[in-house]
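Structural overview for review
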Amino acid sequence: MTHEPPSTVLSAALDAAERGWAVFPLRPFDKRPALHGESVCPGIGDCAGFHRKWEDRATTDPDRIRRAWSTLSFNVGVATGPSGLVVVDLDMPKHKSSKGSTDTPSGATTFKALCERAGNAVPTTYRTRTASGGEHLYFTAPPGVRLTNSAGRLGPLIDTRAWGGYVVAAGSATPAGPYTVIDPVAVAPLPEWLRALLTVRQASRALTAVPSSSKSSRYATAAFRAEIATVQAAQEGERDTTLLSAARALGRFVAWGDLPLSMVQEALQAAGEYAGLSSRQCRSTVRSGLNWSIARNQHRRTA
């Protein structure tokens, strides 16, 4: 098993950037980000002042991309939110045992049926094949609407990636196989009927309602809503780490007086439970993340 040469994935990263898509490195032959985490952040370079996550550091700058991919064959991640994209992820059923059912429809089959029920054909847009045999359908995000990730909201084995999410770009590869382009047409706008389905509230309005306050900055409000939505959409195996990351991200706004502690605690607790975590696990994770962040952000730093 060999990794793709740097020139191959570098070309993939540059091609994505030419389309206006913000990219960042993933671990070679893997789907996980290659950038450092908050707990080991050196506080220099892009992170001077405060830690910046992969979504903040994704770039379309060809010089930065060439430097990042100059030595290692990093896979290519496309940060969907900053790229103005909504990607519909049509997954394949997991392999069943000899005693299990094998007739579970794929995400592509379910999505086709969803389109037919809505009276529409499957949209023609830029489409890639994933390493597992699934598909990614790329759409431009609707103006004036900040969509976040969803898991199963459109149907079984159908997820979406928008703000707070990313997809592996064509030209990358994992042990399961390569990511390839299967329809190179231009990216189509997200159909209105899909946008309507994705903006249906999946949890209580109280989770994302930020009370009007002179202390609550516009940036803090946006971060609060985005982090809560990301926790709600977290998938199995990622829920606790996503909740911890959100608590650490929002803790600094509590420390700075931009968001009230009780509101952040309640919203994170509710979002974690909605995602499927136990009440006890949510309390422990939220407390740990907030305490860690508040202790390290007693004084507001300049970016």
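1. With respect to the overall build of the protein
Along the backbone of the protein there are 9 helices and 12 strands. Put simply, the protein has 303 residues, and 45% of those count as buried. Sequence separation of 24 or more characterises 73% of the internal contacts of the protein that already satisfy a separation of 6 or more. A total accessible area of about 15,300 Å² is found for the protein, and carbon and sulfur atoms account for 51% of it.

2. Quick notes on the pairing of strand β5 (residues 135-140)
Of all 6 residues that make up β5, 5 are buried, and the element is covered over most of its length. Bridge count for strand β3 (residues 85-90) against β5 is 6 bridges, and the pairing is antiparallel. Opposite L85, over in β5, you have T140 as the bridge partner. Pairing between strand β4 (residues 127-129) and β5: 3 bridges, direction antiparallel. Looking at the pairing, T128 lines up with H136 of β5. Linking β4 to β5, which pair antiparallel, is a turn of 5 residues; within it G133 sits at a positive phi near 100°. Sheet analysis places β5 next to strand β12 (residues 188-189), joined by 2 bridges and oriented parallel. Each residue of the ladder has a partner; that of F139, found in β12, is A188.

3. Focus: the nonpolar core
The biggest cluster of nonpolar side chains holds 23 residues, and the ones touching the most others in it are F224, L250, L259, V264 and L268. With 6 residues, helix α7 (residues 239-255) is the largest single contributor of residues to this core. Judged by nonpolar contacts, the second largest core, of 22 residues, contains A16, A17, V167 and V187.

4. Digging into unusual backbone geometry
Of note, the phi angle at F29 is positive, near 60°, even though the residue is not glycine. Secondary-structure assignment places F29 in the loop between β1 (23-26) and α2 (54-57). Residue L157 is not a glycine yet carries a positive backbone phi of 65°. Here L157 shows up in the loop between β6 (150-151) and β7 (158-161). Its relative accessible area of 27% is what places L157 among the partly exposed residues.

5. Things to note about the pairing of strand β2 (residues 75-79)
Most of β2 is tucked away: 5 of the 5 residues are buried. The two faces of β2 match: N75, G77 and A79 on one face and V76 and V78 on the other face are all buried. As judged from the 4 bridges shared by β1 and β2, these two strands associate in the antiparallel manner. For P25, the partnering residue across the bridge sits in β2 and is V76. Across 3 bridges, β2 lies against strand β8 (residues 166-168) in antiparallel orientation. Bridging from a neighbouring strand, G77 pairs with V168 of β8.

6. Side note on the environment of V78
Here V78 lies in strand β2. Separated by 20 residues in sequence, V78 and A58 have C-alpha atoms that sit 7.8 Å apart. Once residues within four sequence positions are removed from consideration, V78 is found in contact with W21, A22, V23, F24, S83, L85, G165, Y166, V167 and A169.

7. A look at helix α6 (residues 218-232)
A rise of 1.5 Å per residue sets the reference length of α6, with its 15 residues, at 21 Å; its end C-alpha atoms lie 21 Å apart and thus fit the reference within 8%. Of all 15 residues that make up α6, 11 are buried, and the element is covered over most of its length. Listed in full, the buried residues belonging to α6 are A220, T221, A223, F224, A226, E227, I228, A229, T230, V231 and Q232. Taken together, the buried residues of α6 touch α7 and α8 (261-275).

8. Here's the deal with the packing of α8 against helix α9 (residues 279-296)
At a minimum axis distance of 9 Å, the contact between α8 and α9 shows a crossing angle of 140°. Comparing their axes, α9 and α8 come out oblique. α9 is crossed by α8, and the crossing has right-handed handedness. Within the contact between the two elements, α8 uses L261, V264, Q265, L268, Q269, G272 and E273 and α9 uses S279, C282, R283, V286, L290 and I294.

9. Some words on the packing of aromatic side chains
All chains considered together, the criterion is met by 9 aromatic pairs. Between F24 and W54, the ring centres sit 5.0 Å apart and the planes meet at 25°, which makes this aromatic pair stacked. Within this pair, whereas F24 is found in strand β1, its partner W54 is found in helix α2, the two being separated by 30 residues in sequence. Among the residues examined, F24 registers a relative accessible area of 1% and is labelled buried. Measuring from ring centre to ring centre gives 6.4 Å for W69 and F74, while their planes differ by 90°; the resulting arrangement is edge-to-face. Each member of the pair, W69 as well as F74, carries the same accessibility label: buried. Put simply, the rings of W21, Y126 and Y138 pair up and form one aromatic cluster.

What counts, and at which threshold
All residue numbers refer to positions counted from 1 along the written sequence of the respective chain. Side-chain atom pairs in this predicted model are given and counted only at pLDDT of 80 or more, local residue features only at pLDDT of at least 70, and totals for whole chains, interfaces and linings cover all residues. Here the side-chain values reflect all heavy atoms present in the structure, with hydrogen atoms and water set aside. To qualify as a helix, a DSSP run of H or I must reach at least 4 residues; to qualify as a strand, a run of E must reach at least 2; elements of each kind are numbered from the N terminus. Between buried and exposed lies partly exposed: a residue is buried under 20% and exposed over 50% of the maximum accessible area for its type, with that area taken using a 1.4 Å probe on protein chains only. The criterion used for residue contact is that any of the two residues' heavy atoms lie within 4.5 Å. For accessible areas, the Shrake-Rupley method is used with a probe of radius 1.4 Å. Any residue's cover is judged against the shown protein chains and nothing else. For two strands to be treated as a pair, DSSP must find at least two bridges joining them. Joining through side-chain atoms within 4.5 Å is the link that ties buried Ala, Val, Leu, Ile, Met, Phe, Trp, Tyr and Cys residues into a set, and such a set is a nonpolar core. Working rule for helices: expected span equals 1.5 Å times residues minus one. Each axis is a line fitted through C-alpha atoms, taken for helices only over the stretch in contact, and angles between the N-to-C directions span 0 to 180 degrees. Working definition: roughly parallel below 35 degrees, roughly antiparallel above 145 degrees, roughly perpendicular at 65 to 115 degrees, and oblique for all remaining angles. Crossing chirality is assigned from the near helix's rotation relative to the far helix, an anticlockwise turn below a right angle marking it left-handed and a clockwise turn marking it right-handed. Centre distance within 6.5 Å is the pairing criterion for rings of Phe, Tyr and Trp, where only the six-membered ring of Trp is used; planes under 30 degrees apart are then read as stacked, over 60 as edge-to-face, and the remainder as tilted.

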